[in-house]
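Survey of secondary and tertiary structure
Below, each chain spelled out in residue letters.
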Amino acid sequence: MLDQPWLVVLVKSVIVLFVVVTTFAYSMLFERKIMGWMQLRPGPNRVGPWGLLQPAADAAKMLFKEDLTPETADPLIYRLAPFISLVCAMGAFAVIPFSESSAGLWGVANVNAGILVIFALTSIGVYGISLAGWSSGSKYPLLGAVRSTAQMISYELAMTLSVIGVLILAGTTSLAGIVHAQYKLWFIAPQIVGFIIYIITAVAETNRAPFDLVEAETELVGGFHTEYSGLRFGLFFIAEYLNMITVSCIATLLFLGGWNAPFGLTFIPGIVWFVLKVGLFIFMYIWLRTTLPRLRYDRLMNFGWKVLLPVATLNLMVTAAIVALMG
Amino acid sequence: MGFFGGVTALAKGFATTFQFAFRKKPTVQYPTVKKQHAPRFHGLHELRRYADGKERCIGCELCAIACPANAITVIGAENAPDDRRSPGERYAARYEIDELRCIFCGLCEEACPTDAIVLTPRFEMADYRRGSFIYSKDRLLVPPEAGVGTAPDERPGGIPADLGAVIEQKGTVDIAAGYGATHRGEILKTERRGLAG
């Protein structure tokens with residue numbers, strides 16, 4: 001079944017997991033630093049030089065905090081929910097190709113329907129949030145969970161439609177194949193509308209500001225994770241960031257040409273380009289968060305159903321028509 | 001506001017936050033860097049001495065009466081002829097200020113006929129127990145080796161021109177000679193005992 005020895009897969013998985021978790025830790029620090037600067041603060045700078053050890057301090061704090069389960073909670077689901085979120089968020093990285101060399105793809109597995117696997121996994125990840133809110137046995141998490149379910153359904157439609165445009169152009173659902181199809185022209189150019197829709201829906205999918213109504217600390221205390229503490233809260237936190245990195249990776253692969261170098265700068269390895277592009281998206285996320293206030297819930301829904309969905313559908317139809325006419 | 005108006009507004013917002021990221025940060029890295037405060041800043045109290053080492057306080061209790069927060073307790077006593085603590089007839093046998101009750105208004109300073117009780121610019125008084133905030137004479141009185149203490153009027157006058165500017169300095173703040181230390185040497189922590197006992 002596997003096209004490579006299981007030991008190779010294991011080693012690759014461990015490496016990818018390590019890299020991804022480190023990326024999570026430092027993208028969190030990066031976010032706090034950038035946000036601090038944009039808010040005229042220096043950001044974390046006490047732990048280690050420039051606060052570089054802050055993630056370690058945060059991790060230690062999370063580990064040693066008390067793990068609470070409310071009396072009204074459904075204990076099994078309550079304890080399981082963070083793992084659903086985290087496993088789905090981590091699982092997505094199994095099929096993401098990070099770069100390519102003469103030896104083959106840099107990634108755990110090269111699945112010929114990679115994009116579908118990722119969408120399937122991230123969709124299951126929503127269950128983590130919904131179940132967490134539902135099983136907490138408390139009103140604010142429940143409201144957060146209801147919001148998350150509605151928000152995910154509304155925005156996932158537009159997101160998938162915006163991606164189908166790329167799939168039509170590439171003619172494949174393999175992520176590596178999509179990147180190969182962008183060797184000459186990145187899909188951001190013919191699919192600029194799809195790109196913009198993807199970016200907006202991706203922010204909503206990952207529950208990040210200004211679409212973070214699922215957490216909405218000003219209204220819902222902590223949203224779905226109000227009752228969570230300690231490591232279980234930490235798992236949700238990791239899952240949120242991993243999802244952010246995942247959607248950034250997908251945006252890079254689908255629209256920005258993956259590891260393809262721009263302007264013929266091929267002497268710089270592909271992995272560097274990939275990391276730079278993903279970093280650009282993560283910076284954009286942070287920039288969004290510091291700039292825009294949270295949307296009101298009805299406006300979020302209106303925007304999703306009445307603007308994004310029709311525009312995405314139109315974009316898909318036009319793309320399909322042009323591809324059909326051009327041959 | 002149409003579509004393009006909205007996009008322009010968004011672009012303006014993003015430009016604003018981006019520019020702010022490169023602005024100078026007004027943050028003062030407090031424990032390592034400290035800010036100059038006004039010379040008449042109302043901080044921790046101090047009981048002053050005369051040049052010959054005698055205590056200025058004559059135990060008149062006017063500060064305790066003036067105190068709007070009832071934070072000061074003074075119990076005066078007659079000076080023993082062979083061991084005179086103050087130049088007057090009486091001295092403060094006990095002098096305690098509850099710094100948790102104190103509102104740092106400075107009325108004790110105003111009320112004092114001998115300029116004995118003054119407020120210094122020291123403000124770092126954090127401690128772990130409530131009892132530690134009751135300062136008695138052993139912590140309020142200027143130690144003989146530290147001079148006589150500075151009257152508020154003798155501190156550098158006016159607000160310093162650089163007030164608000166950051167003074168790069170490791171360690172403790174240095175307002176003027178005699179007010180150098182936030183902690184001066186070993187400080188005896190005393191628990192509050194009943195005044196009668």
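These remarks concern the structure in this document. (Residues numbered from 1 in each chain as written. Chains lettered and ligands numbered in written order. Predicted model: local features only at pLDDT ≥ 70, side-chain atom pairs only at ≥ 80, totals over all residues.)

What follows is about the overall build of chain B. For chain B, the helix and strand inventory stands at four helices and seven strands. Along chain B, helices and strands appear, N-terminal first, in the series α-β-β-α-β-β-α-β-β-α-β. Sorting the 197 residues of chain B into buried and exposed places 20% on the buried side. Residue pairs in contact within chain B that sit at least 24 positions apart in sequence constitute 75% of those at least 6 positions apart. (Helix = DSSP H or I, 4+ residues; strand = E, 2+ residues; numbered from the N terminus. Buried ≥ 20, exposed ≤ 12 C-beta atoms within 10 Å, placed from the backbone. Contact = placed C-beta atoms within 7 Å.)

Scanning chain A from terminus to terminus reveals 11 helices and two strands. Moving toward the C terminus, one meets the helices and strands of chain A in the order α-α-α-β-β-α-α-α-α-α-α-α-α. Computed over C-alpha atoms, the radius of gyration of chain A comes to 20 Å, within 12% of the 20 Å expected from 2.2 N^0.38 for 327 residues, which places it in the range of a compact globule. Overall, chain A is about 60 × 50 × 45 Å in size when its C-alpha atoms are taken along their principal axes. Going through the 327 residues of chain A one by one, you find that 43% of them count as buried. (Rg over C-alpha atoms; globule rule 2.2 N^0.38 Å.)

Moving on, we come to the interface of chain A and chain B. Each partner contributes to the interface: chain A provides 10 residues, whereas chain B provides nine residues. The set of elements that each furnish at least two residues to the side of chain A that touches chain B consists of α1 (6–38) and α10 (270–291) of chain A. Residue composition of the side of chain A that touches chain B, by class: seven nonpolar, two polar and one charged. (Nonpolar A, V, L, I, M, F, W, Y, C, P; charged D, E, K, R; others polar.)

Attention shifts here to the packing of α10 of chain A against helix α1 (residues 3–20) of chain B. Close contact between α10 of chain A and α1 of chain B brings their axes to 9 Å; oriented N to C, the two are set at 105°. The angle between α10 of chain A and α1 of chain B places the two elements in the roughly perpendicular class. Contact residues: α10 of chain A offers Trp-287, Thr-290 and Thr-291 of chain A, while α1 of chain B offers Gly-13, Phe-14 and Thr-17 of chain B. Looking at side-chain class alone, the contact of α10 of chain A with α1 of chain B contains two nonpolar, four polar and no charged residues. (Axes fitted to C-alpha atoms, helices over the stretch in contact; angles between N-to-C directions. Parallel < 35°, antiparallel > 145°, perpendicular 65-115°, else oblique.)

Turning to helix α11 (residues 297–326) of chain A, a few remarks are in order. Each full turn of the α-helix corresponds to 3.6 residues, which orients residues three or four apart in the same direction. Residue and element names in this part refer to chain A. An ideal rise of 1.5 Å per residue puts 44 Å on 30 residues; α11 measures up with 42 Å between its terminal C-alpha atoms. Approximately 30° is the largest bend angle found in α11, and it occurs at Leu-308, with the proline Pro-310 only one to four residues beyond. Those residues of α11 lying buried are Leu-300, Gly-304, Leu-308, Ala-312, Asn-315, Leu-316 and Thr-319. Those residues of α11 hidden inside the fold are in contact with α5 (139–170) and α7 (192–205). (Expected span 1.5 Å × (residues − 1). Bend = angle between axes of the 7 residues up to and from the residue.)

Take unusual backbone geometry next. Residues and elements named next belong to chain B. In this model, Glu-61 sits at a positive phi of 70°, which is unusual for a non-glycine residue. With respect to the helices and strands, the residue Glu-61 is situated in the loop between β2 (45–47) and α2 (62–66). Despite not being glycine, Phe-104 shows a phi value in the positive range, around 55°.

Here we come to the packing of helix α9 (residues 230–255) of chain A against α10 of chain A. Residue and element names in this part refer to chain A. At a minimum axis separation of 9 Å, α9 and α10 run at an interaxial angle of 125°. As far as their axial angle goes, α10 and α9 are oblique. At the point where α9 passes α10, the crossing takes the right-handed sense. Contacts between α9 and α10 involve Met-244, Ile-245, Ser-248, Cys-249, Ala-251 and Thr-252 from the first element and Phe-274, Lys-277, Val-278, Phe-281, Ile-282 and Tyr-285 from the second. Broken down by class, the residue content of the contact of α9 with α10 amounts to nine nonpolar, two polar and one charged. (Left-handed = near helix turned anticlockwise from the far one by under 90°.)

For helix α4 (residues 114–135) of chain A, spanning 22 residues, the distance from its first C-alpha to its last is 32 Å, which sits close to the expected 32 Å at 1.5 Å a residue. Gly-137 of chain A occupies a position one or two residues after α4 of chain A and carries a positive phi of about 65°.

Glancing now at the sheet that holds strand β3 (residues 72–78) of chain B. On the basis of which strands lie adjacent, the open sheet formed by three strands has the order β3-β4-β6 (chain B) and antiparallel pairing. The open sheet has two edge strands with one neighbour each: β3 and β6 (134–135) of chain B. (Pairing = 2+ DSSP bridges.)

Turning our attention to the nonpolar core. By size, the foremost hydrophobic cluster in this structure holds 86 residues, and its most contacted members are Leu-242, Ile-245, Ala-251, Leu-254 and Phe-255 of chain A. Ranked by residue count, the leading element in this core is α9 of chain A, at 16 residues. Non-local contacts of Ala-251 of chain A, meaning those with residues more than four positions away in its chain, are made with Tyr-198, Ile-199, Ala-202, Leu-256 and Phe-281 of chain A. Core analysis: the next-biggest nonpolar cluster, separate from the first, contains 23 residues, Ile-58, Ile-72, Tyr-95 and Leu-140 of chain B among them. (Core = buried A, V, L, I, M, F, W, Y, C linked by C-beta atoms within 7 Å.)

This part takes up the environment of Leu-167 of chain A. Mapped onto the elements, Leu-167 of chain A comes out in helix α5. Taking the C-alpha atoms as reference, Leu-167 of chain A lies 19 Å from Tyr-155 of chain A; in sequence the two are 12 residues apart.

So, about the environment of Tyr-127 of chain A. All names here are of chain A. With respect to the element layout, Tyr-127 can be found in helix α4. Classification of Tyr-127 as partly exposed rests on a count of 18 C-beta atoms within 10 Å. Taking C-alpha positions, Tyr-127 is 7.2 Å from Ile-84, a pair spaced 43 residues apart along the chain.

Residue and element names in this part refer to chain A. The topology assignment puts Leu-142 in helix α5. Judged by C-beta crowding, with 19 C-beta atoms within 10 Å, Leu-142 ranks as partly exposed. Along the chain, Leu-142 and Thr-226 lie 84 residues apart, while their C-alpha atoms are 9.7 Å from each other. Dropping the residues within four chain positions of it, Leu-142 is found in contact with Gly-133 and Trp-134.

Right, let's get into the pairing of strand β4 (residues 90–98) of chain B. Residues and elements named next belong to chain B. Pairing between β3 and β4: seven bridges, direction antiparallel. Among the inter-strand pairings, Ile-75 is bridged to a residue of β4, identified as Arg-94. With two bridges joining them, β4 and β6 adopt antiparallel strand pairing. What sits directly across from Ile-97, in β6, is Tyr-135.

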